[in-house]
Amino acid sequence: MSSLTSTAWKNRKSPLIFALLVVCAAAAQDTPLRVPSNAVAGAPATVGTSGSGAATFYLVGPAVSLKRDVDLGKEVALSSKELQSAGRYTAVLCSSSCSSENFFVSPGKPVDLAFVVHPSRVPVGENAAISGVALTLDEYRNLVLAPSSVQFQWSTKGAPAMSHSAQARDGIAWFRTSSGKSAGPLQISAALSNDVNTRRVVQEVASIPCNLRIQGQRTPKGVLVETEPVRDCSGNPVPDGTVVTFTAKDSGGTSFVDAPVKQDVARAIILAKGSVVISAASGVAMGNELRIGGKE
Amino acid sequence: MCARVASYPQKLKLHLSVLIVLSWCMIATPWRHAFAADASPRVTLTVSQATPRQVEPLTQNAVLRDYKFAWANLAQALESNSAGAINGLFVGDASAQLVAQVNGQKKNGLSSRYENQTHKLEAVFYSPEGDILELHDTAEYDFEILDGGKSIHSEHAIVHYVVLMTPGADRWVVRQLQAVPRF
Amino acid sequence: MKRALPIVIVIVAVTAVLIFLGLTSVGRATGTIGIATGGALTGFSTDTSTPEKAMNNFLLDVQKRDWDRAFASAERASDAITEQSFIQDWVGSNGGLRSFSTLERYDTRPLHASDSDAQMRVRLHWATPVGPVEDVRDFHLAHRGDSWKVIWDETPPPNVPAQIVPVNYLRWDLVTGNSSDEWGSHNVDAPRVRIVSMNAVDSAEGAVVMGEVVNEDTIPAFVNVNATLLDGSGGIIDDESSFDKILHVLLPKQVSPYRVDFPHLSLSKIKNVRMDVKATLVPASSDPVIGVMNQKIDTDAQGHPVLHGELFNESGQTVNIPHVIASFYDSNGKVVWVSDGYVEKALLPQSTEAFAVEIPQSLAGKVQNFHVVVNQYSLEKS
């Protein structure tokens, strides 16, 4: 309304425009909208109107776009569902002319957490390898921007729990930590002060194989070679399926077998007659060399 | 005969004028939209305040491109009342809210316009893994609400948005778009 | 319109007949429908008075799948050879690559001939689902009376004795969550895969980018390597993928070579190469285990350097189409070439099959070491 009068004043030298703007400003005074000043997401609210007669009420905002016939002078009720999403709303009231007001709906209290943790699998003993981000949300999944305290906690079986408290700024709190020494599931949780708790699991897996040792013996089928239990340098058995490459050199040429570890041990049969030298490798880890004498 | 000779240039001028006016009418309406589309959102991004991770130059380019694209499509969706334009650029709650708004508009015969958009983005949080980016958007645009083609509200708005973007398969997508009174 | 209708009817009728004939004649190894037999066939005659003519007639019978005639015209080297084994040698079995192949054409060349015997070298060109495959075979012919006969001496493969082979290798399945989008609750990272080496060279066919890639993760990965060639201003010249010149399913800690071909391009135009490896979660099995035995670098009958050896199937599952990918290293351990080749015969459980892959003549001298991996396609694999 004040913008209309100021515009009219600026255009006072043009009588027609001036007159029109004055009329508009006056007309606007007849149907004011009184929008809520402290609306909260999910809470019902009302918009006040003045004047008399019929009018059309519009509300446009996040997730809502409604049109309703109303009586001037009465309050327009807005349900909790219509105001679930936090954000900027525009209320418009039209009878002979239209007037509008904007208002904000703020998020409710934080009652939920969106919790994203990376990675889902991590080798043991890696520095700053695990990170998590928690976002504070209200009941209707609006981002709660007011500062709140988030407690992160993580633990593995047989080890004491570690924790870290972070202040959520602009709805986000985060943490970072290193992976432990033992393979196994790492339980990580993020909690708000009101007992809202969300859990995630990171699988801590064995690191690269270490100290690969092999043994072998001649059988009717060929040379059966197998590893001792394959472990990483911290003693964690490598996961089943990890490939160990056996290489054999004899008078017939060179042979390779990519054999997967099964229950900690990888096995393969090498078709070799005569003396043979066998070695093994997995990733960058090399094993011992095995010499097996010849037999036809 | 003289009268016929004298009227010929006048007729020509009349024909030319009609032709020009008709051509303009034919192309004006789609061109209006074309102008609106060509006047695509202007987006700028500053990343100096991003923490704990620095926003990489490639990521900055991608975010600028995809955010601009998202808002252009948001405007198109709300003007044409077609939710298809939103797909792939908005996910999660942001997508659900926009779809609900489009459906509400369609049901009530409303539409809205966002024109002459300018967005000043500031990155305030970039996660250690680079999978969550929070931005503050100071957006300026001409906002208009129409009821069956009749304008019922128009304003030049400056709105503050808190934006959450996450990387999708081949682009950054908007997961949360929440207007706030101030940052 | 009146004239067009009869033509349309005729076309439809002929098409229907051909479809019917095509459907009913698939799989039969008895004659080729639509092609005349006997003396009417172009290039075919009953004259076997020279080794070349006898060889040509024999191969024509094979090409048109007239097995009775082809087998009858050959001389068995031993009684163990039956017509069934003869047919199987040509058409393949157990879902091997040969089962899906057609002999497109052949080239014959006499190696030596005397009055009583001759040797012919035949280059067989097969059309297969994985592209054209060339096979070079030497045939021995003998002069019998007035005619020459092909001596068929391919011994049938030994029967694998019936046995129980436990299949208890590890298997990974992929479980996808439901569609509800609780952000962060269904987070399973893609496998960590890394390119460990890259080498770009010029070859006779164009530029080649090759190297090795390793699965550093603890779960299987489906891997593909892409290479983009850039010019001096950073503009993209070309972008290609490794296609089948890579072991696509990599088990944890497994290393695979890769090769990306850029036909008709020279490295002189290229200022930079951008590599990209894509890895996705995929169900997988660590069975079958295939050993690569007794490999040697040698020259084949045509004087080309080859790496040959034997594949040994250590498991109980038939490998229908084995695919061998070999990487060759120089004295510094750098990958100087990657070759691949399909084995046409299926690899039966507890059995071996020979393979050979070529090495470019220009690089054979540089090769100090090599490593072979085996890709495999099994029809029954779930």
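Remember, it's a predicted structure, so these values are computed and weren't measured experimentally.

Engineer: I would appreciate a short explanation of the overall build of chain B in the present structure.
Structural biologist: From N to C terminus, chain B includes three helices and five strands. Moving toward the C terminus, one meets the helices and strands of chain B in the order α-β-α-α-β-β-β-β. The proportion of buried residues among the 183 residues of chain B is 34%. Contacts in chain B between residues far apart in sequence, at least 24 positions, make up 56% of those at least 6 positions apart.

Engineer: Looking at this model, I keep getting lost on the pairing of strand S17 (residues 321-329) of chain C. Mind explaining?
Structural biologist: Within a regular strand, side chains alternate between the sheet's two faces. All names here are of chain C. Within S17, eight of the nine residues are buried, leaving the element largely enclosed by the surrounding structure. In terms of strand pairing, S17 meets strand S20 (residues 369-377) through nine bridges, oriented antiparallel. Within S20, the position partnered with Ile325 by the bridge is Val373. Sheet topology places S17 next to strand S18 (residues 335-342); seven bridges connect them, and they run antiparallel. Looking at S18, one finds that Ala326 is bridged to Ser339.

Engineer: Can you help me understand the nonpolar core in this one?
Structural biologist: Core analysis: the largest hydrophobic core is formed by 96 residues, its most contacted members being Met165 and Val174 of chain B. Apart from the residues lying within four places of it in its own chain, the contact partners of Met165 of chain B are Val63, Leu133, Leu135, Trp172, Val173, Val174 and Arg175 of chain B.

Engineer: Help me out: how do you make sense of the sheet that holds strand S3 (residues 45-49) of chain A in this one?
Structural biologist: Strand-to-strand pairing in sheets goes through backbone hydrogen bonds, with the strands running parallel or antiparallel. All names here are of chain A. Read across the sheet, three strands follow the order S1-S3-S6 without closing on themselves; strand pairing throughout is antiparallel. The sheet is open, and its two borders are formed by strand S1 (33-34) and strand S6 (76-78), each paired with just one other strand. Both S3 and S6 contribute to a ladder of three bridges, which runs antiparallel. Each residue of the ladder has a partner; that of Ala45, found in S6, is Leu78.

Engineer: Looking at this structure, how should I read the sheet that holds strand S4 (residues 150-167) of chain B?
Structural biologist: All names here are of chain B. In spatial order, the strands read S1-S2-S3-S4-S5; together these five strands make up an open sheet with mixed pairing. This sheet does not close on itself; its edge strands, each paired only once, are strand S1 (42-46) and strand S5 (172-180). Each strand axis lies, on average, 25° off the axis of its neighbour in the sheet, ignoring direction. Relative to S5, S4 is paired through eight bridges, and the arrangement is antiparallel.

Engineer: Explain helix H2 (residues 51-63) of chain C to me, please; I cannot follow it from the model alone.
Structural biologist: Residue and element names in this part refer to chain C. Under the 1.5 Å per step criterion, the end-to-end length of H2 is 18 Å for 13 residues, consistent within 8% with the ideal 18 Å. With 10 of 13 residues buried, H2 is to be regarded as a mostly interior element. Within H2, burial applies to Pro51, Ala54, Met55, Asn56, Asn57, Phe58, Leu59, Leu60, Asp61 and Val62.

Engineer: Would you mind showing me how to read the interface of chain A and chain C here?
Structural biologist: How large an interface is tends to be reported as the accessible area lost when its parts come together. The interface is formed by 30 residues belonging to chain A together with 27 residues belonging to chain C. For the side of chain A that touches chain C, the elements supplying multiple residues, two or more each, are strand S9 (112-118), strand S16 (197-205), strand S22 (253-262) and strand S23 (265-270) of chain A. Considering each element in turn, the side of chain A that touches chain C owes the most residues, nine residues, to S22 of chain A. A per-class count over the side of chain A that touches chain C returns 16 nonpolar, nine polar and five charged.

Engineer: Just checking my understanding: could you explain the interface of chain B and chain A for this structure?
Structural biologist: The interface of chain B with chain A comprises 27 residues on the first partner and 30 residues on the second. Contributing elements (two or more residues each) for the side of chain B that touches chain A: helix H3 (92-108), strand S2 (110-126), strand S3 (133-147), S4 and S5 of chain B. Partitioned by chemical class, the residues of the side of chain B that touches chain A number 13 nonpolar, 10 polar and four charged.

Engineer: It is not clear to me how the domain arrangement of chain A should be interpreted in this structure. Could you clarify?
Structural biologist: Taken domain by domain, chain A comprises domain 1 (31-105), domain 2 (112-205) and domain 3 (209-292). Measuring from the centre of the C-alpha atoms in domain 1 of chain A to the corresponding centre in domain 3 of chain A gives 76 Å.

Engineer: Whenever I open this one, unusual backbone geometry confuses me. Can you help?
Structural biologist: With the exception of glycine, most residues fall at negative phi, and the peptide bonds are largely trans. Of the consecutive residues His118 of chain A and Pro119 of chain A, the connecting peptide bond is found in the cis state with omega at -5°. Mapped onto the fold, Pro119 of chain A is located in the loop between S9 and strand S10 (121-123). Here the residue pair Asp287 of chain C and Pro288 of chain C is connected by a cis peptide bond, since its omega of 5° sits within 30 degrees of zero. Within the secondary structure layout, Pro288 of chain C lies in the loop between strand S14 (284-285) and strand S15 (290-299). For Asp170 of chain A, which is not glycine, the phi torsion reads 55° and is therefore positive. Residue Asp170 of chain A is classed as buried on the basis of its C-beta count, with 21 C-beta atoms lying within 10 Å. Phi is positive for Asn211 of chain A, close to 50°, though the residue is something other than glycine. The residue Asn211 of chain A is located in the loop between strand S17 (209-210) and strand S18 (214-218) in this model.

Engineer: So what exactly am I meant to see when it comes to the packing of helix H2 (residues 57-80) of chain B against H3 of chain B here?
Structural biologist: The relative placement of two packed helices is expressed as an angle between their axes plus a distance between the axes. All names here are of chain B. The geometry of H2 relative to H3 is characterised by a closest axis approach of 8 Å and an angle of 25° between their N-to-C directions. Between H2 and H3, the crossing angle belongs to the class labelled roughly parallel. Contact with H2, carried on its side by Leu74, Ala77 and Leu78, involves Leu98, Gln101, Val102 and Gln105 of H3 and no other residues of that element. Among the residues making up the contact of H2 with H3, the classes are represented as five nonpolar, two polar and no charged.

Engineer: How should the confidence of the model for chain B be read in this particular structure?
Structural biologist: Regions with low pLDDT should not have their predicted coordinates read in detail. All names here are of chain B. A residue-level look at chain B finds 80% of positions with pLDDT of 70 or above and a mean pLDDT of 86. Note that pLDDT drops below 50 for residues 1-6; the model gives that stretch zero contacts with residues more than four away or on any other chain. In the predicted structure, residues 28-37 sits below a pLDDT of 50 and forms one contact with residues beyond four places in sequence or in another chain.

Engineer: Would you explain the environment of Ala354 of chain C in this entry?
Structural biologist: Residues and elements named next belong to chain C. Assignment of secondary structure puts Ala354 in strand S19 (residues 352-358). The spacing of Ala354 and Leu229 is 125 residues in sequence and 37 Å in space, taken between C-alpha atoms. Apart from the residues lying within four places of it in its own chain, the contact partners of Ala354 are His308 and Glu310.

Cut-off values and rules
Residues numbered from 1 in each chain as written. Chains lettered and ligands numbered in written order. Predicted model: local features only at pLDDT ≥ 70, side-chain atom pairs only at ≥ 80, totals over all residues. Helix = DSSP H or I, 4+ residues; strand = E, 2+ residues; numbered from the N terminus. Buried ≥ 20, exposed ≤ 12 C-beta atoms within 10 Å, placed from the backbone. Contact = placed C-beta atoms within 7 Å. Pairing = 2+ DSSP bridges. Core = buried A, V, L, I, M, F, W, Y, C linked by C-beta atoms within 7 Å. Axes fitted to C-alpha atoms, helices over the stretch in contact; angles between N-to-C directions. Expected span 1.5 Å × (residues − 1). Nonpolar A, V, L, I, M, F, W, Y, C, P; charged D, E, K, R; others polar. Domains from an automatic or database assignment. Parallel < 35°, antiparallel > 145°, perpendicular 65-115°, else oblique. pLDDT = per-residue confidence, 0-100.

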